[in-house]
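Coordinates in review
As a plain string of letters, each chain reads:
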Amino acid sequence: MHRRSSPLLSLALATALAWLPAGAHAQTVAGKIKVGFMLPYTGTYAALGTAIENGFRLYVQEQGGKLGGKDVEYFKVDDESDPAKAPENASKLVKRDQVDVVVGTVHSGVQMGIVKVAKENNTLLIIPNAGVDEATGPLCGPNIFRSSFSNWQPGNAMGQVVASRDIKRVVTLTWKYAAGEQSVKGFKEAFEAKGGKVVKELSLPFPNVEFQAQITEIASLKPDAVFVFFAGGGAVKFVKDWAAAGLKDKIPLFASGFLTDGTLEAQGAAAQGLETTLHYADGLNNARDKAFRLAYAKAYKLQPDVYAVQGYDAAQLLAAGANAVKGDMTRKAEVYKAMEGARVDSPRGAFTLSKAHNPVQDFYLRKVDGRENKVSSVAVRALADPARGCRL
Ligand code: PHB
């Protein structure tokens, strides 16, 4: 008796199916959201690329592997932090793999090539690190989003901090490319507006790590303080060279927080006490961050850093868009609109996007203590990039 299908049950099932919108079944089963990672997996920024991918995948896993009801499929290109190869690499993802979204990259010079390809093809782009000011400035666009920062932002925050101390003459040092130059510009603008003076701007080509000539010059200039931009493997080497040259306790060293993020294990004693500004820190002590750090450590046997957070939040931004269209990424205008209006519940603290699609966010003053960039205070609250030249 119980083996015979009941006519009543069949009727109920048929009625229920009839109520499903046409194609709803096909839409949730067929089709995936194609995500193309264009990140550095080799070179001085290799660890940064991996952390971004880890963070992104963690958020997707937490959603059961789906965004907007669809499975996520990944494609990957190693951009090698090489700007010359950027257009070709970005085209591989956009044209060959036909991804719905490019998630990339770390290096500001490479980013310029990706932005160009994304604009030409109206492909959704989420920048999970590179700060190049143009991407949310003169080159801003409806399909260009950032989950990280503009180069101007952390520099500006540090300029305000240094100006508030008894420091008048500062020398700057960086790799000679957009990230370093624009960080220094942001620093200088804020520092000099409050009466300080940048007396010399030093640089060396990316990704050189022979800092001796510049360190010797700084020692002879005897400034009140130094501001630098370095990141990844180069940041590890610089902090060690600075201490080895005996300058650590002689000339105060300030930087955007990339100098000491994801690097402390390798920098050891040389980094202790360094003060930096960034949109993330250790010890934020909010529930969102605690849960994120626990999940990240469990998944990867690693502590997360700012890059992991930016990758995680890139996935959160994409989720806002994908959920609004139930995974139908061809509805681009609706995807962009939902992303624009998103309030991202980030481990760094919740943020919204500016009109140019750059996070409006708090910048923390941090101080290295052991293996942590411990938060000291909020240096600047809700700092928005000026988005000069952006018409959206
Ligand atoms: C950049 O090139 O924009 C860049 C690279 C590494 C960082 C921050 C910015 O840590």
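For the protein, the name recorded in an unreviewed UniProt entry is Leu/Ile/Val-binding protein, with Cupriavidus pampae as its organism. As its UniProt record puts it under Sequence similarities (unreviewed entry), the protein is described as follows: "Belongs to the leucine-binding protein family."

Here we take up the site of the ligand. If you check the shell around the ligand, you find 16 residues, and the closest are Val106, Ser108, Gly131, Tyr177 and Tyr307. In isolation the ligand offers 280 Å² of accessible surface; the protein chains occlude 100% of this area. Using a 2 Å cut-off from the grid points, one finds that the ligand occupies the largest cavity. Classifying every residue of the shell around the ligand by side-chain character gives 11 nonpolar, 5 polar and no charged. When residues of the shell around the ligand are sorted by domain, at least three fall in each of domain 1 (31-149 + 284-357) and domain 2 (152-278).

Considered as a void within the structure, the largest pocket measures approximately 650 Å³ in volume. Put simply, the parts of the chain that give the lining of the largest pocket at least two residues each are α3 (46-62), α9 (232-244), α10 (264-267), α11 (287-300), α12 (306-324) and β14 (372-383). Sort the elements by how many residues they give to the lining of the largest pocket and α3 lands first, with 4 residues. For the second largest pocket, the calculated volume is near 220 Å³. Taken together, 13 residues line the second largest pocket, and the ones lying closest to its centre are Gln98, Val99, Asp100, Thr123 and Lys332. Among the elements of the structure, α4 (86-96) and α13 (332-340) are those that each provide at least two residues to the lining of the second largest pocket. Among the residues making up the lining of the second largest pocket, the classes are represented as 6 nonpolar, 4 polar and 3 charged.

Under the present numbering, the feature "domain: Leucine-binding protein" (unreviewed entry) in UniProt falls on residues 32-369. Overall, residues 32-369 shows 41% helix and 20% strand. The separation of its end C-alpha atoms is 44 Å.

Under the 1.5 Å per step criterion, the end-to-end length of α11 is 20 Å for 14 residues, consistent within 8% with the ideal 20 Å. Where α11 is concerned, the buried positions are Asp289, Phe292, Arg293 and Tyr296. Summarising the axial view, the buried residues of α11 lie within an arc of 100°, below the 170-degree limit, and thus occupy one face. α11 presents Ala287, Leu294 and Lys298 as exposed residues on the side facing more than 90 degrees away from its buried surface. Where the residues of α11 are buried, they touch α3 and α12.

Each value, and the rule that gives it
By convention here, each chain's residues receive numbers from 1 onward along its written sequence. Whole-chain, interface and lining totals are the exception, using all residues; otherwise, since this is a predicted model, local features are given only for residues with pLDDT of at least 70 and side-chain atom pairs are given and counted only at 80 or more. Based on all heavy atoms of the structure, the side-chain values leave hydrogens and waters out of the count. UniProt positions are given in the numbering used here, feature names are shortened, and annotations may be inferred rather than shown by experiment. We call a residue near a molecule or strand when any one of its heavy atoms sits within 4 Å of it. Accessible surface is estimated by sampling points in the Shrake-Rupley manner with a 1.4 Å probe; for residues, cover comes only from the protein chains shown. A pocket, in this scheme, is an open set of points on a 1 Å grid over the protein atoms alone with protein on both sides within 12 Å along at least 5 of 7 lines, while a cavity is a set where a 1.4 Å probe fits but cannot get out; residues line either one if an atom lies within 4 Å of a point. A molecule is said to be in a cavity or pocket once over half of its atoms fall within 2 Å of that pocket's grid points. Charged residues are taken to be Asp, Glu, Lys and Arg, nonpolar residues to be Ala, Val, Leu, Ile, Met, Phe, Trp, Tyr, Cys and Pro, and polar residues to be all remaining types, Gly included. Where each domain starts and ends comes from a domain assignment, either automatic or drawn from a database. Grid points are joined across faces, edges and corners, and a volume is the space filled by probe spheres set on the points. We count a stretch as a helix when DSSP gives it H or I for four or more residues in a row; a strand needs E for two or more, and each element gets its number in order from the N terminus. Helix span, expected: 1.5 Å multiplied by one less than the number of residues in the helix. Type-normalised accessible area, obtained with a 1.4 Å probe on protein chains alone, sets the label of each residue: buried when under 20%, exposed when over 50%, and partly exposed for intermediate values. As used here, the arc belongs to the directions running from the helix axis to the C-beta atoms. The contact criterion used is simple: two residues touch if any of their non-hydrogen atoms lie within 4.5 Å.

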